[in-house]
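Reading the structure
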Amino acid sequence: MDLWAVVPEMILAGLALALVPVAGWARGRWRVTPGVVALLGLVAAAAVTVPMLNVAPKEAFCGTYAVDPFRSFYQLVIEAGAAITILILQSHFRGTEQEPQAPIAVLFATVGAMGLVAATDLGLIVLFLQMVSFPSYLLVALVRSDKRAQEAALKYFIYGAAALAVMAYGLTFLFGLTGSLSLRAIGAGLAGVDAAWIAFALGLILIGYGFEMTLVPFHMWAPDAFQGASAPVSGFVSVVPKVAAFAGLMRLLMEAMPGGLSNWPIVLSAIAAVTMTFGNLVALRQRSLKRLLAYSSIAQAGYILMAVAVAERAADALPAVGYYLAAYLLMNLAAFAVVAQVERWFGSDGFEAVRGLFRYAPWPAAALTLALLSLAGIPPLAGFAGKVFLLIAAIDGGLAWLAVIAAVNMAFALYYYVAIIAEMYFRQPSRTVDVARGLGYAWAIGLCTFGTIATGIAPRIVLDIAQVGSRLLH
Amino acid sequence: MLNVAIFLPLLTGLVVLTLPRNRPGLVRRIALTGAVLTFLVAIVLWAGFDPNGGALQWRTTVPWIPIGASYDVAINGLSLALILLTAVLMTVVMIFVLHEHDRAQAHAFLFLLLATGLIGLFAAQDLLLFYLFFEVGLVPMYFIIGIWGGEQRHYAALKFFLYTRAGSLAMLLGFLGLYLSMRPHSFSLPAIIAAQPLAQVPATAALVFFALLIGFGVKLPTIPLHNWLPDAHVEAPTEGSVVLAGLQLKMGAYGLVAVLLPIMPETVARFGWLLVVLALVSLLYGALAALAQSDMKRLIAYTSVNHMAYVMLGIAVAAMAGSDAARQLAVSGASVQMVSHGLLTGGMFLMVGMLQHRAGTREISRFGGLIGRMPLFSGLFALLAFGSFGLPGLSGFIAEFQVIGAALQLSVWIAAVTVLGLILATAVYLRLTAGVLMGRAAPDLDKLSWLMPHEIWPVAIVAALSVLIGIFPAMLIAALDGTVRVVAH
């Protein structure tokens, strides 16, 4: 048995199961317990994951589960995302019945995401994809009295169930063509197979991953789900499933379809161009912060996919994706944390909710500004270094045309990020509130903002770790 | 020491942010102290600078990102001149706003952050670092225009930001193209200049050339990328216009002289006539558009298009001229023009700001006869205006004379058109001076108060420096000499 290889997953899964009854019983002050325990568990899991970054790549559990630096790196990112989300959730649902429930769903989704990153077996991939998605549906539907949240959850669920079923169907083709469930055996077996079948399978698989990664045209659920869900949940859904799906897709493509089989680099670069352009164009017209951030995260997925497309051709592509996903996590969660805080004050996420925010809440306003500028790629923030790495990878991999499209996109994306900044700084507040504070918000925003600045000024550390984390099994 | 000059303003800005909110006076004094100290550090840099060695001096190199980017700063003569200019204009601005108390902390922080970006840009010897400081020097201006600007400030700030961003992303792609053409990949500017990686691949070189031209051309600005300029200058608060015209336009100019020309002299020469045409059209258009303005601020904004065209003309001539002497003359003229325009136009914006503050309007027709009411103001105003159209004895003359002299060696026609532009510019400033200072005083301007010390000092400083350069041009030209010879090589 290679049980040592799944200690982080076991810690979190065990805690999640143990906390279910606790959440049912917790009353009053004790409602905070599951959140605190989940946070401690995530810290412990991360502490176990860090040393595994240096493990030589190998397989565990009869070749179904990878133990390589790649998996450890993305698991770390996912754990960080979950921990920050729980911090925000604790403040956001303080004193409500959702307070003890939310962390458990986050934990379940986190385990699923961590598994997806490591799975090298088609069956496990399907299983873990569902395990990421189901708790996410629940999280969106968390506030049962909120009609819009229910509608959003339903949309998310129906869309997700269909997309994942189609993807499972696509995976069966890989099995049928090669007679194996293992990614590496499939990679070897697909060599002489009719290209049309592989293309067909790839198309179906991309529907499932495209759903999780919010790639156009499988993004339709995202704006509605993000808007309907409470802001911390939107933040979580915009980060953790996306990170897991990117890592899972890269593993699938590089292990099961090596050598650009079925022209996946060209397919992905086309999808990347469409995704970033569409996301940005639609974001220009949004007047709801969560909806705007949803389209922004669609565009960001397009930028990242640009480097995934050259994953095999450019040596610096995988570290670039790793770095960008880590940076994206920090800046996106910082933005959602501030939006969550504003949402709790006003019960609204329209632009008017942040109008004149600078006047009465200068620190959250500054944090949101930095997060948005980072998403727009302004130096010296993390999003800038990340975009440089992605662009270098794309040009190096022979996709100079895509890099130009991306640069044009980044130029006009600034418009909608700056529209929010202008609301906060250049206008008088229409109303002011007695600013409600929360320790969880403050910590989450502080950590993310610090991380955004620090990894932007000194990208070296995270880039080095991402470099280590770009070693896959094969 | 160079690192101190770069980060001292930022450090001061961070200190200012920690001060209590109800002490705007203290904030202003600390910010001024920071600016003055930065100026003193710049003087130290100058004292330790050897003008004869064309090599980079005061160099610091620290590995930054393990992909071939490093924190690499150093100065040559041009950098030194522009760093001194930055320190002077920052001090001037800080004196000017000494009594402005509206959100003083944020205001001071943004200006100081901007100073760090500018000084860092002029010192950066690594293209990625150059890009970083380029943006750091621009983003604060968006907030300055948007928060403290005039009525159309939202529109102007957004337009400024989007234009600049589009330009800088084009520049970034150009830098990445250069980076990937180096073996091993490197962002190091001296290494790229030494290796000339694109000399053998004219197609790629042309793409990179146009990417960089767009990036620097937006900031310069040149026709047809100048559209953001009038709005941004007019809507910005006075101190913002000073920095915008005096310093931020130099980012584009510096990029042309210190980056574009040295890394691809052949390509610049190949497209030299395009640059000449752009420069001449900008020169005439800037002057003609200024001639048509009734708003003083808008008028001065358009003259910037005219003045900065000399820089582009300078590099075009430097790339195409046959003799070494002509090339050096052109680069020298372009460089002096940056400093001169920074001082003169910065001063002009300050003076217009004072008038607007007193009369609440900037229309030339509303003023008149100030020479009898505000003699000191009128004297300084006339001095700066005359300097701006190139009156001998002031810095503008030295710069434009050198560029025209160099252009003459390339073609008489270029020089002829340039002189025509010079005549138009003279008309612009004479019309402005006559309209404001002479004639019959408007009756409602009786209440115009005398200048305050915090208004006199800033203008006096820039005017004195401009006269100093005009009388002893050798002082500046000597500092620039080493750089000029290297760039024009």
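Just so we're clear, the structure is a prediction, and the values are computed from it rather than from any experiment. Per-chain numbering applies: the sequence of each chain, read as written, is numbered from 1 onward. Key to labels: chains lettered from A, ligands numbered from 1, both in the order written. The predicted origin of the model limits local features to residues at a pLDDT of at least 70 and limits the giving and counting of side-chain atom pairs to 80 or more, whereas totals for whole chains, interfaces and linings rest on all residues.

With that settled, the discussion passes to the overall build of chain B. For chain B, the count of helices and strands is 21 helices and two strands. For 489 residues, the compact-globule estimate of 2.2 N^0.38 gives 23 Å, and the C-alpha radius of gyration of chain B, at 21 Å, lies within 12% of that figure. Each principal axis of the C-alpha distribution contributes one length, and for chain B these read about 70 × 55 × 40 Å. With C-beta atoms placed from the backbone, the exposure class of a residue follows from how many other C-beta atoms lie within 10 Å of its own: 20 or more, buried; 12 or fewer, exposed; in between, partly exposed. Put simply, chain B has 489 residues, and 63% of those count as buried. For the purpose of contact definition, each residue receives a C-beta atom placed from its backbone, and two residues are in contact when these atoms lie within 7 Å. The long-range fraction of contacts in chain B, counting pairs at least 24 apart against all pairs at least 6 apart in sequence, stands at 80%. In this description a helix means any DSSP run of H or I spanning at least four residues, a strand means any run of E spanning at least two, and both kinds are numbered starting from the N terminus. In this setup the radius of gyration rests on C-alpha atoms only. A globule is expected at 2.2 Å times the number of residues raised to 0.38.

Turning our eyes to something else, we now look at unusual backbone geometry. Residue and element names in this part refer to chain A. Residue P380 is reached from P379 by a cis peptide bond, and omega for that bond is 0°. Among the secondary structure elements, P380 is positioned in the loop between α15 (362-376) and α16 (382-396). Phi at F61 is positive, roughly 55°, even though this residue is not glycine. Of the residues examined, F61 has 18 C-beta atoms within 10 Å and is grouped as partly exposed. A positive phi angle, near 55°, is found at N263, a position not held by glycine. Position of N263 among the secondary structure elements: in the loop between α10 (231-256) and α11 (264-283).

Attention shifts here to the pairing of strand β2 (residues 69-75) of chain B. Residues and elements named next belong to chain B. Burial analysis of β2 places five of its seven residues in the buried class, which makes it a mostly covered element. Pairing of strand β1 (residues 57-65) with β2, which is carried by six bridges, proceeds in the antiparallel orientation. Counterpart to Q57 in the pairing with β2 is I75. Criterion used throughout: strands pair if DSSP finds at least two bridges between them. Between the antiparallel neighbours β1 and β2 lie three residues, among them G68 with a positive phi of about 105°.

Turning our attention to the packing of helix α8 (residues 195-213) of chain A against α10 of chain A. Residue and element names in this part refer to chain A. Angular values range over 0 to 180 degrees, each being the angle between N-to-C directions of two axes fitted as lines to C-alpha atoms, with helices fitted over their stretch in contact. Packing of α8 against α10 brings their axes to within 8 Å, and their N-to-C directions diverge by 145°. By crossing handedness, the relation of α8 to α10 is classed as left-handed. Contacts between α8 and α10 pair Y209, E212 and M213 from the former with P241, K242, A245, F246, G248 and L249 from the latter. Each residue belonging to the contact of α8 with α10 can be placed in one class, and the counts come to six nonpolar, one polar and two charged. Take the far helix as the reference: if the near one is turned anticlockwise from it by less than a right angle, the crossing is left-handed, and if turned clockwise, right-handed. For this classification, Asp, Glu, Lys and Arg are treated as charged, while Ala, Val, Leu, Ile, Met, Phe, Trp, Tyr, Cys and Pro are nonpolar and the rest, including Gly, are polar.

Residue and element names in this part refer to chain B. Within the secondary structure, F130 is located in helix α5 (residues 127-136). Each C-alpha atom, one on F130 and one on V93, is 24 Å from the other, the two residues being 37 residues apart in sequence. Discounting chain neighbours no more than four positions away, the residues touching F130 are L121 and A124.

This part covers the environment of I145 of chain B. Residue and element names in this part refer to chain B. Position of I145 among the secondary structure elements: in helix α6 (residues 139-148). The exposure class assigned to I145 is buried, which follows from the 31 C-beta atoms found within 10 Å. Put simply, I145 and A416 are 271 residues apart on the chain and 38 Å apart in space, counted from C-alpha to C-alpha.

Take the interface of chain B and chain A next. Across the contact, 24 residues belong to chain B and 26 residues belong to chain A. The set of elements that each furnish at least two residues to the side of chain B that touches chain A consists of α5, α6 and α7 (153-181) of chain B. Sort the elements by how many residues they give to the side of chain B that touches chain A and α7 of chain B lands first, with twelve residues. Its residues assigned to classes, the side of chain B that touches chain A comprises 19 nonpolar, two polar and three charged.

Time to look at helix α9 (residues 202-219) of chain B. An α-helical segment advances 3.6 residues per turn. Residues three or four places apart therefore align on the same side. Residue and element names in this part refer to chain B. Here α9 contains 18 residues, and its C-alpha end-to-end distance of 26 Å stays within 8% of the 26 Å for a straight helix at 1.5 Å per residue. Those residues of α9 that fall on the buried side of the exposure criterion are A205, V208, F209, A211, L212, L213, G215, F216, G217, V218 and K219. Along its buried surface, α9 packs onto α7, α11 (238-263) and α12 (265-270). Under the convention used throughout, the expected extent of a helix is 1.5 Å for every residue step, that is, one less than its residue count.

Residues and elements named next belong to chain A. Following both chains from N to C, one finds helix α4 (residues 98-118) and helix α5 (residues 122-140) inclined at 160°, their axes separated by 8 Å at the closest point. Compared by their axis directions, α4 and α5 come out roughly antiparallel. At the point where α4 passes α5, the crossing takes the left-handed sense. Facing α4, whose interface residues are A102, A105, V106, F108, A109, V111, G112, A113, G115 and L116, α5 presents L124, I125, F128, L129, M131, V132, P135, S136, L138 and L139. When grouped by side-chain class, the residues that make up the contact of α4 with α5 number 17 nonpolar, three polar and no charged. Should an angle fall under 35 degrees it is called roughly parallel, over 145 degrees roughly antiparallel, and 65 to 115 degrees roughly perpendicular, with every other angle called oblique.

Attention now moves to the confidence of the model for chain B. In the predicted model, chain B carries a mean pLDDT of 90, and the fraction of residues at 70 or more is 98%. Reported confidence for the predicted complex is 0.88 by ipTM and 0.92 by pTM. Here pLDDT means the predictor's own confidence in every residue, given as a number from 0 to 100.

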